[in-house]
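Structural characterization, general
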Amino acid sequence: MAELIQQRIEERIPELEHLERVGLFTQKEVKSIIKRATALEYKLHRLIINKEDFIAYIQYEINVLELIKKRRAHIHYQFKREEIEFPIIHRINSVFRRATNKWKSDVQLWFSHIAFCKKWASKGQLSRVFSSLLAIHPDKPALWIMAAKSELEDMDSSESARHLFLRALRFHPDDKKVYQEYFRMELLHAEKLRKQQKELEMAEMDLGEYEFSPEILSGKLADVVYRNATEKIQGAEFIISLLKIAAIFDFTKELQDAILQDLQTKYTEDAATWDFMARRELEAPAAGEELQTAKGRASDIARREERCCQVYEEGLTSLNTEPMWTCYVSFCLERHKRKTNVQELKDKRQEKLLGVLQRAHDSSLLKENYYKNWLQILLSSGDAEGGARVAVAATQRYSQSAATWSLSLQTLIQLGSDDMGRLFQEAITHVHPKRGLVSAVAAVAMEMKESYLDWSYTTGGYKKARKTFISLHENRPFSKAFFTRMIQIEKEQETPKMSNLRDYYERALREFGTSDDDLWLEYIKEELGPNGQPENCGKIHWRAMKFLEGECVERFVSKYTLLQTGHI
């Protein structure tokens, strides 16, 4: 091993001599490089090799390259690159190959090699790295796309990029992203040829027998890709994605028209088609005179939005489904959120949105998450009655959703609605863990109980709050806050009853006594208070030591000691 390492170090001598001779490095720096390189070489030739050692070696060599680059710029010396940089780059590529052969599955290591090749190595080396990578990872479509893009952008080879895409489609014949990028590549190729033709015509150069193919210049290859893609992959969203790519290029009007015709012919039963067609109306050209004033621009935008809504309405006549209403509501929400200083346009957008929400609800096709937006708009505009009505309607539409119950109850508490009590009892019926609800939903049920207790105390005082507590104290799940809030309410009274406080603490400890040492400590403090009986503290302490588990015991002992010594 030592002989091999010595040979590797000796191979560095010519480049190091050049570095010292031209004044890029000093003799002392050259010796330091040899010493460091020897240590790194030994690590690469151990019986058990580590990936980190290879990375450290590569990083050190790259740092040397960077330093050489800076030194060259500093002394304005740009010669002898073949004798200095090229051997270092070749050595780094060699180490990268050894590393990727050893750890073939580490894609990030391959990416590091690719990044190095793009910055320092030759273009041919970059292609070889991608070729090796794809031979090992042909199952990853993103790598095929990356390799094809590299051929197109770094190597300026449309033919190689096309070849890679065709190979990728053999492995991934139904991959949408591969087809999308292949489609884009053909359009970029056509655009490049059109630019070349234009430049040659401007230079008035004689091309001889060579001619630019009109079919390729017009994007016919992209059209072939589109036809093949749509045979393999169905769906309006995929066709729309190709149409959006084609729209980027200014020479694809015929292709766009053909794609649009297919979309309107084959996918009228897809909400995405109507959504796309409606939004296209926003891009329609406007009259120049109107755009001179803010009011004129607002009027033009209002007309465009109205045309969009007309398309949605047309779609609803033949496709009255939840996805269709979702697209319509989503569009209206987006327009409503857009800022404008023209109040008339604001009011019109809000009126349209509220109307669409109401109609979608009446059709029982409004998605759950849009009820929250509906409530926010009504409450922000001061329509408390409408907000209460929508809150109740949401619970009827999604009676099994704890999130909807929680949102509606919180809204009714905020509005002080008389329906709160009745609605909460209904919520308990629907959102009960015995009915098969999961823990995430149970958490919402606990939050509703706390909110209901607060609301009862706010609207009916202590008697109503205690009545609510009694009606709920057997309905699990509970939260600690539910009990501590009732304890707080009791203590806020002029003459709090110690028997009631004991009952609240006992019920809380029944639920949380094994893990909450603070609750036991608060109970002891209560008995030490003016209304308590200090002789009960010993019993409570004994029970706490018996019930608490794990680290809670140690914490309780420490805090109880501090309480006895008067430190807390």
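Reference entry: report on the structure contained in this document. (Residues numbered from 1 in each chain as written. Predicted model: local features only at pLDDT ≥ 70, side-chain atom pairs only at ≥ 80, totals over all residues. Heavy atoms only, no water.)

This part is about the overall build of the chain. Secondary structure summary: the chain contains 28 helices and zero strands in total. Taken against the 2.2 N^0.38 rule, which gives 24 Å for 568 residues, the C-alpha radius of gyration of the chain at 37 Å runs more than 25% over that of a compact globule. With the principal axes as the frame, the chain shows a C-alpha extent of 105 × 75 × 45 Å. Relative to its full complement of 568 residues, the chain shows a buried share of 44%. As displayed, the chain has an accessible area near 31300 Å², and 51% of this comes from carbon and sulfur atoms. Taken together, the 85 basic and 85 acidic charged side chains of the chain have centroids lying 4 Å from each other. (Helix = DSSP H or I, 4+ residues; strand = E, 2+ residues; numbered from the N terminus. Rg over C-alpha atoms; globule rule 2.2 N^0.38 Å. Buried < 20%, exposed > 50% of the residue type's maximum accessible area, 1.4 Å probe, protein only. Areas by Shrake-Rupley, 256 points an atom, 1.4 Å probe, with all protein chains shown as cover. Lys, Arg positive; Asp, Glu negative; His and termini not counted. Charge placed at Lys NZ, Arg CZ, Asp CG, Glu CD.)

Our focus in this paragraph is unusual backbone geometry. Excluding glycine, a negative phi dihedral is what most residues carry, and trans is how most peptide bonds are arranged. Of note, His 76 is a non-glycine position whose phi angle comes to about 60°, a positive value. For His 76, the position within the fold is in the loop between α4 (51–75) and α5 (81–102). Given a relative accessible area of 69%, His 76 falls into the exposed group. With phi around 55°, Asp 156 is a residue other than glycine that occupies positive phi space. The residue Asp 156 is located in the loop between α8 (141–153) and α9 (158–171) in this model.

Let's shift gears to the packing of helix α16 (residues 294–318) against helix α17 (residues 322–337). Two elements in contact, α16 and α17, have axes separated by 10 Å at closest approach and are oriented at 170°. Taken together, the axis directions place α16 and α17 in an arrangement best described as roughly antiparallel. Contacts between α16 and α17 involve Ile 301, Glu 305, Cys 308, Cys 309, Tyr 312, Glu 313, Gly 315 and Leu 316 on the former and, on the latter, Met 324, Trp 325, Cys 327, Tyr 328, Phe 331 and Arg 335. The residue makeup of the contact of α16 with α17, split by class, is 10 nonpolar, one polar and three charged. (Axes fitted to C-alpha atoms, helices over the stretch in contact; angles between N-to-C directions. Parallel < 35°, antiparallel > 145°, perpendicular 65-115°, else oblique. Contact = heavy atoms within 4.5 Å. Nonpolar A, V, L, I, M, F, W, Y, C, P; charged D, E, K, R; others polar.)

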